[in-house]
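# Results of the structural survey
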Amino acid sequence: MTDKPTAAAREHLHKLASKGLKEPKLLQKEEVIALAQHVAKEHGRASAAEHEIAKKAEHNPEGVTAAEIQALCAHVTGERTAR
């Protein structure tokens, strides 16, 4: 079995990301963690700064700033155009 997300899971992450780009502080704790886990899994595509934000968000989702959430969301939405 692979670690690749299903089409439904990818679509859900992209919806979360677009919501987070518009209103980052309206995302729930679990939603921030899901975005962070996704970015943390991406070794080749995510920058070092994005990995640091993802690690921080996984451990303390309430301590992440709006700009950091938007950075995670921008990474997820950028994947769609890169593929």
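Look up: the structure comes first, before these words.
This text gives an overview of the structure that appears in the document. (Residues numbered from 1 in each chain as written. Predicted model: local features only at pLDDT ≥ 70, side-chain atom pairs only at ≥ 80, totals over all residues. Heavy atoms only, no water.)

### Some words on the packing of helix H1 (residues 7–22) against helix H2 (residues 29–41)
Remark: H1 packs on H2, axes separated minimally by 10 Å, with the N-to-C direction vectors making an angle of 115°. Here H1 is positioned roughly perpendicular relative to H2, judged by the angle of their axes. Crossing angle aside, the handedness with which H1 passes H2 is left-handed. Of the residues in H2, those in contact with Leu13, Leu16, Ala17 and Lys19 of H1 are Glu31, Ala34, Leu35 and His38. Split by residue class, the contact of H1 with H2 holds 5 nonpolar, 1 polar and 2 charged. (Axes fitted to C-alpha atoms, helices over the stretch in contact; angles between N-to-C directions. Helix = DSSP H or I, 4+ residues; strand = E, 2+ residues; numbered from the N terminus. Parallel < 35°, antiparallel > 145°, perpendicular 65-115°, else oblique. Left-handed = near helix turned anticlockwise from the far one by under 90°. Contact = heavy atoms within 4.5 Å. Nonpolar A, V, L, I, M, F, W, Y, C, P; charged D, E, K, R; others polar.)

### A few points about the nonpolar core
Within the largest apolar cluster, 18 residues are counted, with the highest numbers of intra-cluster contacts made by Leu27, Leu35 and Leu72. In terms of residue count, H2 provides more of this core than any other element does, 5 residues in total. In this view, Leu35 contacts Leu13, Leu16, Ala17, Leu27, Cys73 and Val76; residues no more than four positions away in its chain are not counted. (Core = buried A, V, L, I, M, F, W, Y, C linked by side-chain atoms within 4.5 Å. Buried < 20%, exposed > 50% of the residue type's maximum accessible area, 1.4 Å probe, protein only.)

### Quick notes on the pattern of salt bridges
Two side chains carrying opposite charge are able to pair once their charged atoms lie near each other. The final tally for this structure, using the stated rule, is 3 salt bridges. Its salt-bridge partner being Glu52, residue Lys55 comes within 3.5 Å of it at the nearest N-O pair. A residue pair is termed a helical-turn pair when its members lie 3 or 4 positions apart in one helix, as Lys55 and Glu52 do in helix H3 (residues 48–59) at 3 residues. Of the residues examined, Lys55 reaches a relative accessible area of 43% and is grouped as partly exposed. For Glu52, a relative accessible area of 49% gives the class partly exposed. Lys56 is paired through a salt bridge with Glu68; the nearest N and O atoms lie 3.2 Å apart. Of the two residues, Lys56 sits in helix H3 while Glu68 sits in helix H4 (residues 66–82), which places them 12 residues apart along the sequence. Residue class for Lys56 comes out partly exposed when judged on its relative accessible area of 36%. (Salt bridge = Lys/Arg side-chain N within 4 Å of Asp/Glu carboxyl O.)

Structural measurements only, silent on function.
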